[in-house]
Amino acid sequence: MPMTLLANPFRKTALALATAAAASLTFSIQAAEVEVLHWWTSGGEARAANVLKELMEAEGYGWEDFAVAGGGGETAMTVLKSRAMSGNPPSAAQIKGPEIQEWGELGLLGELDEVAETEGWDELLPPTVADVMRHNGSYVAVPVNVHRVNWLWANPQVLAAAGVEMPTTLDELFAAGEAIREAGYIPLAHGGQAWQDATVFESVLLASGGTEFYQQALVELDPEALGSERMIEALETFKRLRELMDADMSGRDWNIATSMVIEGSAGMQLMGDWAKGEFTAAGLTAGEEYLCAAAPGTQDAFTFNIDSLAMFRVEGEEREAQQALARLVLEPTFQEAFNLAKGSIPARPDLDMSGFDVCAQQSMDDFQRTAEEGGLVPSMAHGMAVRADVQGAIFDVVTNYFNSRDMAAEEAARRMVNAAQAAL
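Each value, and the rule that gives it
Residues numbered from 1 in each chain as written. Predicted model: local features only at pLDDT ≥ 70, side-chain atom pairs only at ≥ 80, totals over all residues. Heavy atoms only, no water. Disulfide = S-S within 2.5 Å. Helix = DSSP H or I, 4+ residues; strand = E, 2+ residues; numbered from the N terminus. Buried < 20%, exposed > 50% of the residue type's maximum accessible area, 1.4 Å probe, protein only. pLDDT = per-residue confidence, 0-100. Contact = heavy atoms within 4.5 Å. Phe/Tyr/Trp six-rings, centres within 6.5 Å; stacked < 30°, edge-to-face > 60°. Pairing = 2+ DSSP bridges. Salt bridge = Lys/Arg side-chain N within 4 Å of Asp/Glu carboxyl O. Core = buried A, V, L, I, M, F, W, Y, C linked by side-chain atoms within 4.5 Å. Axes fitted to C-alpha atoms, helices over the stretch in contact; angles between N-to-C directions. Expected span 1.5 Å × (residues − 1).

A. Examining the state of the cysteines more closely. A complete count under the given rule lists one disulfide for this structure. Each sulfur in the disulfide pair Cys 292 and Cys 359 lies 2.1 Å from the other. Disulfide Cys 292-Cys 359: torsion about the S-S bond near -105°, hence left-handed. Placement of the pair is Cys 292 in strand 11 (residues 291-294) and Cys 359 in helix 17 (residues 358-373), with a sequence separation of 67 residues. No difference in accessibility class separates Cys 292 from Cys 359, as the two residues are buried.

What follows is the structure, encoded as structure tokens:
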């Protein structure tokens with residue numbers, strides 16, 4: 001009993017000290033916390049994003065997760081605009097492409113030049129990628145990954161049954177498609193949605209016109225390029241691809257089209273490397289049970305789609321935490337964990353890729369090569385080349401033409417010129 005009486009004051013004192021320490025720690029964490037808005041909500045993406053949270057917490061910073069599912073980020077952007085207009089933006093938000101510049105023009109983004117200089121971002125990142133992350137010459141965002149859009153995926157058993165190899169040119173694609181159809185399969189799996197139509201269109205344009213023409217037409221919106229004979233030829237080739245697709249494609253989601261390749265009812269699909277997640281989930285091995293190659297005719301180009309975190313203007317300890325977040329995003333631990341889960345490749349070309357599959361390794365090799373040779377181009381279909389309103393106008397022309405029985409390629413080219421000029 002005496003020992004118990006003596007122990008009680010000690011225990012009360014220890015409890016008081018622990019409570020005070022916890023309160024102090026809680027205050028410290030809350031004061032140095034980042035709120036991150038994103039739409040990485042699928043199983044693999046959420047686990048990968050959690051790696052970043054754990055890295056932040058290991059350095060003593062707090063993380064408030066602001067995950068908004070749905071709409072490929074559209075819902076998240078609606079929430080972000082509401083928060084920003086009320087003067088209460090998050091510390092960081094998943095924003096990409098020209099939208100970074102739009103937020104920068106509003107004066108709402110904070111610069112990251114100090115951490116960028118300390119970590120050597122100019123040396124780590126290809127100039128084409130770094131430029132997307134800057135506004136008025138200052139870093140305001142950090143790249144999380146690089147998706148390659150111009151991919152062709154194929155079922156090797158279907159190709160073997162048709163007696164064809166992976167096509168490397170558009171002519172070979174049509175020839176292989178005919179052989180696949182004669183063998184009793186759908187040549188090209190596709191989902192009849194505007195963004196999927198645009199994804200296929202930009203790869204055809206890149207194959208038929210090259211990177212310089214692609215840049216002029218879909219990035220610079222040069223009216224001469226948009227209305228040119230080369231554009232008309234690309235549109236005609238694009239329309240011919242309908243012959244390789246099935247009649248039930250209207251409204252089909254992209255992952256359902258991928259499952260057609262996985263199951264062997266279709267031979268091929270033109271889609272970005274997020275399709276790899278479907279093959280992986282099905283337990284298939286890259287290079288053996290499914291094949292990947294650059295979209296026919298685009299071997300010397302790399303159409304990129306980059307997820308990134310843009311940083312809003314904050315002060316004090318929140319800014320310190322924000323700078324730490326930006327640094328950790330580009331460090332190897334997060335870059336490897338996130339991209340293994342996402343199907344994309346690290347934004348840093350210097351990382352060891354031995355843990356990635358053969359498709360990712362090829363993607364990184366092509367990324368580095370095209371970065372050096374000038375073949376990196378931003379994806380119009382995935383929000384990297386033009387503003388959202390311009391993209392929407394191009395989508396309308398592309399998908400209406402693709403699904404019209406009467407519209408000529410010349411008319412589609414004229415509408416594209418008009419749409420771009422009106423949007424600008």
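B. Spatial organisation of the confidence of the model for the chain. Per-residue pLDDT for the chain averages 90, and the proportion of residues at 70 or more is 92%. Note on residues 1-31: pLDDT is under 50 here. Beyond four places in sequence and across chains, it has five contacts.

C. Structural detail: the packing of aromatic side chains. With the rule as written, the count across this model stands at 11 aromatic pairs. Look at Trp 153 and Tyr 290: their rings are 6.2 Å apart centre to centre, the planes differ by 45°, and that puts the pair in the tilted class. Within this pair, whereas Trp 153 is found in strand 8 (residues 151-154), its partner Tyr 290 is found in the loop between helix 14 (276-281) and strand 11, the two being separated by 137 residues in sequence. By the burial criterion, Trp 153 is buried, and Tyr 290 matches it. Measuring from ring centre to ring centre gives 4.3 Å for Phe 279 and Tyr 290, while their planes differ by 15°; the resulting arrangement is stacked. On the criterion of sequence distance, the pair formed by Phe 279 in helix 14 and Tyr 290 in the loop between helix 14 and strand 11 is long-range, its members being 11 residues apart. For the pair Phe 279 and Tyr 290, a shared accessibility class is recorded, and that class is buried. Ring pairs connect the aromatic residues Trp 151, Trp 153, Phe 279 and Tyr 290, which therefore count as one cluster.

D. Summary view of the pairing of strand 13 (residues 308-311). The alternating pattern of strand 13 places Ser 308 and Ala 310 on one face and Leu 309 and Met 311 on the opposite face, and all of these are buried. Relative to strand 13, strand 3 (residues 92-94) runs antiparallel, the two sharing three bridges. From the neighbouring strand, Ala 92 faces strand 13, where its bridge partner is Met 311. In terms of strand pairing, strand 6 (residues 141-143) meets strand 13 through three bridges, oriented antiparallel.

E. Layout of the pattern of salt bridges. Counted under the stated rule, the structure contains 19 salt bridges. Salt-bridge contacts for Asp 300 lead to Arg 369; the nearest nitrogen and oxygen are separated by 3.5 Å. Here Arg 369 lies in helix 17 and Asp 300 lies in the loop between strand 11 and strand 12 (302-305), a separation of 69 residues in the sequence. When its relative accessible area of 56% is taken as the criterion, Asp 300 is described as exposed. Across the pair Arg 414 and Glu 411 runs a salt bridge whose closest N-O atoms are separated by 2.8 Å.

F. Representation of the nonpolar core within the structure. In this structure, Met 56, Ile 95, Trp 121, Leu 309 and Leu 325 are the most contacted members of the largest nonpolar core, which totals 66 residues. Counting residues per element, this core draws most heavily on helix 15 (residues 316-329), at six residues. Among the nonpolar cores identified, the runner-up in size contains 63 residues, and Leu 188, Ile 232, Met 380 and Val 398 belong to it.

G. Focus on unusual backbone geometry. For Asn 136, which is not glycine, the phi torsion reads 50° and is therefore positive. Classification of Asn 136 as exposed rests on a relative accessible area of 69%. Here the phi dihedral of Leu 221 falls at roughly 55°; this positive angle occurs in a residue that is not glycine. Relative to the assigned elements, Leu 221 resides in the loop between helix 10 (194-219) and helix 11 (223-226). Overall, the relative accessible area of 7% leaves Leu 221 in the buried class.

H. Region of the structure containing the sheet that holds strand 1 (residues 33-38). One open sheet holds the five strands; their spatial order is 2-1-3-13-6, and the pairing between them is mixed. Across the chains shown, the open sheet's two edge strands, defined by having one partner strand only, are strand 2 (62-67) and strand 6. Taking the axes of each pair of neighbouring strands and ignoring which way they run, one obtains an average angle of 20° across the sheet. Two elements, strand 1 and strand 2, share six bridges in a ladder whose sense is parallel. Within the sheet, the bridge partner assigned to Val 34 lies in strand 2 and is Trp 63. Lying over the sheet, helix 2 (residues 43-58) contacts strand 1, strand 2 and strand 13, oriented at roughly 160° with respect to strand 2. Relative to strand 1, helix 3 (residues 74-85) is tilted by about 135°, and along the sheet it contacts strand 1, strand 2 and strand 3.

I. Spotlight on the sheet that holds strand 11. Spatially, four strands are ordered 9-10-8-11 in an open sheet, and the strand pairing comes out mixed. Strand pairing shows two members of the sheet lacking a second neighbour, strand 9 (186-189) and strand 11, which therefore form its edges. The average undirected angle you get between the axes of adjacent strands in this sheet is 20°.

J. Highlighting helix 12 (residues 229-240). When the terminal C-alpha atoms of helix 12 are compared, their 17 Å separation across 12 residues agrees well with the 16 Å that a helix rising 1.5 Å per residue should span. Taken together, the buried positions of helix 12 are Met 231, Ile 232, Ala 234, Leu 235, Thr 237, Phe 238 and Lys 239. On its buried face, helix 12 sits against helix 9 (170-182), helix 10, helix 11, helix 18 (388-402) and helix 19 (409-423).

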